[in-house]
Amino acid sequence: MSEPILVAENLTKWFPVKRNLTQVMKGNRTWVRAVDRISFTINKGEIFGLVGESGCGKTTTGKLIMKLLEITDGTLEMKGENATHLRGAALEKYRREVQMIFQDPYSSMNPRFTVRDVLMEPLEIHKVGKDAKEREVWVREILDEVKLSPPDEFLVRHPHMLSGGQRQRAATARTLMLSPSIIVADEPVSMIDLSTRAEILHMMRQLQREMGLTYVYITHDLSTARYFTDRLAVMYLGKIIEMGVAGSVIDRTLHPYTKALIAAVCEPVSGKVNRIKDVPIKGEIPAATNIPPGCRFHPRCLYAVEECWQEEEPTLDDIGGGHLVACRRWAEIERLGAAARTSEASLGTRKSSFAPSA
Amino acid sequence: MKKRDFSQLRSMWSEFRRIKFGMVGLALLGMFVVVVLIEPLIVPFPDAATRWRDMTYWVDNPRNAKPAWVNWFTSKDYAPSARIQSDNIVSGEFGAGKLYQAELPYKYSWDKAPSDVTLRMNVTGNARYEAEFIRPDGLSVTYQKTSQGAGTRDLRISVAQNLQPQLYQFAGKYEDPRVMQSTSASTINPLAVLFSQAEKGALLSGSKPLDGTYTVRVKVVAADATSSLNEAELIVAGGVQGVLGTDNMKRDLWSGLIAGTKWALIIGLLTSFIAVVVGVIYGVTSGYYGGFVDSLMNRIYEIFSSVPLLPILIVMSAVFKPSIWIMIAMMCIFFWVGPVRTVRSIALQIKEASYIEAARGLGASNRRILMRHMIPQLVPYAFASMALSVPGAIVYEASISLIGLGDATRVTWGQILQAAFSSGAVLQGIWWWVVPPGVAIALMGMTFAFIGFAMDTILNPKLKTR
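Residue numbering note: each chain is counted from 1, following its sequence as written. Labels are handed out in written order, letters beginning with A for the chains and numbers beginning with 1 for the ligands. Whole-chain, interface and lining totals are the exception, using all residues; otherwise, since this is a predicted model, local features are given only for residues with pLDDT of at least 70 and side-chain atom pairs are given and counted only at 80 or more.

1. Side note on the overall build of chain A
Here's step 1: Tallying secondary structure elements over chain A gives 13 helices and 12 strands in all.
Here's step 2: Considering only C-alpha atoms, chain A reaches an extent of 75 × 65 × 45 Å along its principal axes.
Here's step 3: Using C-beta atoms placed from the backbone, we call a residue buried if 20 or more other C-beta atoms fall within 10 Å of its own, exposed if 12 or fewer do, and partly exposed for counts in between. Scored against the burial criterion, the 358 residues of chain A give a buried share of 39%.
Here's step 4: Nonlocal contacts in chain A, meaning residues at least 24 apart in sequence, comprise 66% of its contacts between residues at least 6 apart. A run of DSSP states H or I qualifies as a helix once it reaches four residues; a run of E qualifies as a strand once it reaches two. Both are numbered from the N-terminal end. By definition, residue pairs are in contact when their C-beta atoms, positioned from the backbone, come within 7 Å.

2. Quick word on the overall build of chain B
Here's step 1: When its secondary structure is counted, chain B shows 17 helices and nine strands.
Here's step 2: The C-alpha atoms of chain B give a radius of gyration of 31 Å, which is well past the 23 Å a tight globule of 466 residues would have.
Here's step 3: Over its C-alpha atoms, taken along the principal directions, chain B stretches across nearly 100 × 50 × 45 Å.
Here's step 4: Within chain B, buried positions represent 39% of all 466 residues.
Here's step 5: Considering only intrachain contacts with a sequence separation of at least 6, the fraction spanning at least 24 residues in chain B is 77%. Using C-alpha atoms as the atom set, the radius of gyration is obtained and then compared with a globule rule of 2.2 Å times the number of residues to the power 0.38.

3. Quick look at the confidence of the model for chain B
All names here are of chain B.
Here's step 1: Per-residue pLDDT for chain B averages 83, and the proportion of residues at 70 or more is 96%.
Here's step 2: Confidence scores labelled pLDDT are given residue by residue by the predictor and lie between 0 and 100. When mean pLDDT is taken per element in chain B, helix α9 (residues 291-306) scores highest with 92 and helix α1 (residues 2-16) scores lowest with 64.
Here's step 3: Scored by ipTM, the complex comes to 0.81, with pTM at 0.72.

4. Some details on the sheet that holds strand β9 (residues 231-236) of chain A
All names here are of chain A.
Here's step 1: In this analysis, strands are considered paired if DSSP registers two or more bridges between them. As summarised here, the arrangement of the eight strands in space is β6-β7-β8-β3-β9-β10-β12-β11, forming an open sheet in which the pairing is mixed. The open sheet has two edge strands with one neighbour each: β6 (98-101) and β11 (317-318).
Here's step 2: When strand β3 (residues 47-51) meets strand β8 (residues 214-219), the two strands line up parallel, connected through five bridges. Residue pairing for β8: F48 is matched across the bridge by V216.
Here's step 3: In this analysis, axes come from line fits to C-alpha atoms, helices being fitted only over the stretch in contact, and the angle between any two N-to-C directions falls in the range 0 to 180 degrees. Running over the sheet, helix α7 (residues 164-176) touches β6 and β7 (182-186) and is turned about 175 degrees from β6.

5. Regarding the domain arrangement of chain B
Here's step 1: Where each domain begins and ends follows an automated or database-derived domain assignment. Its domain assignment divides chain B into domain 1 (2-45 + 253-463) and domain 2 (77-237).
Here's step 2: Centre-to-centre separation of domain 1 of chain B and domain 2 of chain B, based on C-alpha positions: 54 Å.

6. What to know about the pairing of β8 of chain A
Residue and element names in this part refer to chain A.
Here's step 1: Across the six residues of β8, six count as buried, placing the element largely inside the fold.
Here's step 2: Where burial is concerned, the two faces of β8 agree: the one with T214, V216 and I218 and the one with Y215, Y217 and T219 are both buried.
Here's step 3: Relative to β8, β7 is paired through five bridges, and the arrangement is parallel. By the bridge assignment for β8, V184 is matched with V216.
Here's step 4: On the question of chirality, the crossover connecting β7 to the parallel β8 by way of helix α8 (residues 194-211) is right-handed. Throughout, right-handed denotes a crossover for which the path from the first strand over the helix to the second runs clockwise when the strands point away from the viewer.

7. Looking at the pairing of strand β5 (residues 127-134) of chain B
In the case of a regular strand, side chains alternate between the two sheet surfaces.
Residue and element names in this part refer to chain B.
Here's step 1: Across the two faces of β5 the burial differs, with A127, Y129, A131 and F133 buried and R128, E130, E132 and I134 not buried at all.
Here's step 2: In this structure, β5 lies alongside strand β6 (residues 140-147), joined through eight bridges in antiparallel fashion. The partner of A127 across the bridge, within β6, is S147.
Here's step 3: In this structure, the hairpin formed by β5 and β6 is closed by a connection of five residues, where G138 is found at a positive phi of approximately 95 degrees.
Here's step 4: Judged from the eight bridges that link them, β5 and strand β8 (residues 212-222) form a sheet pairing that is antiparallel. Counterpart to I134 in the pairing with β8 is T215.

8. Digging into the packing of helix α8 (residues 253-289) of chain B against helix α11 (residues 324-335) of chain B
Residues and elements named next belong to chain B.
Here's step 1: Look at α8 against α11: their axes get within 8 Å of each other, and the N-to-C directions meet at 30 degrees. Here α8 is positioned roughly parallel relative to α11, judged by the angle of their axes. Where α8 crosses over α11, the two elements pack in a sense that is right-handed. Contacts between α8 and α11 involve W263, I267, L270, T271, I274 and A275 from the first element and I324, I328, M331, C332 and F335 from the second.
Here's step 2: Note on residue categories: nonpolar means Ala, Val, Leu, Ile, Met, Phe, Trp, Tyr, Cys or Pro, charged means Asp, Glu, Lys or Arg, and polar means any other residue, Gly included. Here the contact of α8 with α11 is composed, by residue class, of 10 nonpolar, one polar and no charged. An angle below 35 degrees is treated as roughly parallel, one above 145 as roughly antiparallel, one from 65 to 115 as roughly perpendicular, and anything else as oblique. Here is the rule for handedness: rotate from the far helix to the near one, and if that takes an anticlockwise turn smaller than a right angle the crossing is left-handed, while a clockwise turn gives right-handed.

9. Overview of the nonpolar core
Here's step 1: A set of buried Ala, Val, Leu, Ile, Met, Phe, Trp, Tyr and Cys residues, joined to one another through C-beta atoms within 7 Å, is what we call a nonpolar core. A173, V184, Y215, V216, Y217 and V234 of chain A together with I394 of chain B are the most contacted members of the largest nonpolar core, which has 156 residues in total.
Here's step 2: With 16 residues, the single largest contributor to this core is helix α14 (residues 366-402) of chain B.
Here's step 3: With residues near it in sequence (within four places) discarded, V216 of chain A still touches I42, F48, L50, G62, I65, I182, V184 and A185 of chain A.

10. Details of the interface of chain B and chain A
Here's step 1: Contacts between chain B and chain A engage 18 residues on the former and 21 residues on the latter.
Here's step 2: Every element with two or more residues in the side of chain B that touches chain A is listed here: α13 (354-361) and α14 of chain B.
Here's step 3: Ranked by the residues each element gives to the side of chain B that touches chain A, the list is headed by α13 of chain B, at seven residues.
Here's step 4: Counted by class, the side of chain B that touches chain A contains eight nonpolar, five polar and five charged residues.

11. Here's the deal with the sheet that holds strand β5 (residues 81-82) of chain A
All names here are of chain A.
Here's step 1: Spatial strand order, β2-β1-β4-β5: four strands in an open sheet with antiparallel pairing. One side of each edge strand has no neighbouring strand; the edge strands of this open sheet are β2 (31-43) and β5.
Here's step 2: Bridging between strand β4 (residues 73-78) and β5 involves two bridges; their strand directions are antiparallel. For E77, the partnering residue across the bridge sits in β5 and is N82.
Here's step 3: Its contacts with the sheet put helix α2 (residues 58-66) on β1 (4-16) and β2, and the angle it makes with β2 is roughly 65 degrees.

Rendered as structure tokens:
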């Protein structure tokens, strides 16, 4: 099972900030540290989730894996081969291995193309198949695979004639055209009706089983991440702060940020849905140009103590069972949490004991 | 790939057929093309295109004649132009030489006399000739002259120019003496006298027209054996002529307008096509690559867009011989900036779309992204832009003609309009000289606008009304 297919080591992407003339003269350079030295390993056949708020660098990570952006620093290894910087034929080979499903199915397909054009494009670019006829046979097969049938009806349609779910199926079909090993799915269901989300995810999982795919599932939605992924990495301001088996990360959350994220999830359960939640976090996400010293989460952390900003940034350490966390106080917080739960529980009991007598 | 493109065109055509104004535009374009193709068949002066400024080519035409169909709307009809060829020249011995005789009948049944009647004789050598204009009422006027010279040439006897004394004398036989005293041979209208009843008032052109068959009897005495009369022809320059009348240089405007169609199509299509293709590719490239390339291309664009075209064209015309091809080339060099700004901004917008990123992720080359994803989206805009710059190019050519820098060897609508304006056609009420070329330019513009908008509707699926 755990045969690594994609290994990222200190992967970094810094974007230069546009400067005006005085800044150029003074020699000031500021950078947006979109992805800041992250390391992870994705195993063959697994679904690896990347979660975090908007602007935390998860999409940038996806694009680095896709080689849509140049890697600033660090290394990327694909199937044991270095894939940090690729050119020409090597890049072409890499592109056939790694494909991407984009967030917005409304703009990820050229509005002028028919579904046939969309699906033929990868084959044409990589010169797969002898002629258009042979390519079309393959296109029909894939359409069947993503349950867009009858193919004849869908082949001639333009994207605007498809529903959101159908579009995402077509987009998925496009990624499958070149039989890749890894598919980066950047929020594939966030713009789709809730009713069809499960269907799409189910289809993706089925495809994964049939074709032995590996997914990198990028999302801000913890509930689908829990449902869909095998392993999960939580990102905050360009850094992975917690990583592990999905169940473990969600159920036995260690990092205060992850806790806040989970607390923020809406639960459509009566009695809970209308309650304004007391999310255990303060302030706003800082700008990625000016990352706080020490632990980058400390200005928003309710448990931050002096050492959190005085000392070096905590490293992502394995605390056992493949669960990694980058917080130096996780154990203390765990204890505090347990204590709070107990006190809350006792408070709850008291309340309930009050109720009938009143 | 080729085959598929073809089928794409076919499906485009089947959609195009459903758009009414598109079909109107196409019909108009087809009409223009047909007009260009059958040009020699529908114009009375097929050499109009090459001999537009050759005065001798137009010499037999009336000046400022109205279009022939004006007669349908007026109570007093103008005599239309006509040509009567003698099919029978009788020759006989006459001393040392020969006597040639011919009769040319002209049937007259209008209210307003023609502007001139000219007898053209093609003679060789020395000849003494006599032309007798016999009216339907039996009265006649005679003109005699001797022409000496070698070789074959045309002799012309114009009633308006040569028969003034004879007709003044003729009128004197029945006209009021007081009227005769107040006028002279050079102030009368000889044509009005010739085609009026022989009664008082004819000199002041107040008398009734004399309808019937007029005959011109020609007698030519050839002095020696080498001399002869080869041809005799009566040319009636009417008050109305042809489809669109004539201008003040006696040129047939219908022939000119048709000859101009070809040049309008060539100037408009060639200039706008080259300019828009260059502009679109330039704009897309600039927008797509961005960064340093974009900045550099923008500076070049700004240089071209801020250089005024007219002074450059004046200098170029001074350096080169004014030619329509150089003019088209110059217009292309400066017209391509037209669509650049818009295309660049559209390209900036398109390149951010995630399907461009998706294509890059699939490994598409920049060329492929530009050609397959970006430029096709700009086709509707390019067509609209072309449609807009077609009349622009035609009008520009006209303005260059206006300042005398046009290609004097071609007939263009602009040149016709320019001649009309410079000779005050509007003030003189010669509407048939101004309106047709103007309407033609507008019609040509409309043609391309219609086709452009129809293409827009097809190529932009979101605009489709399903």
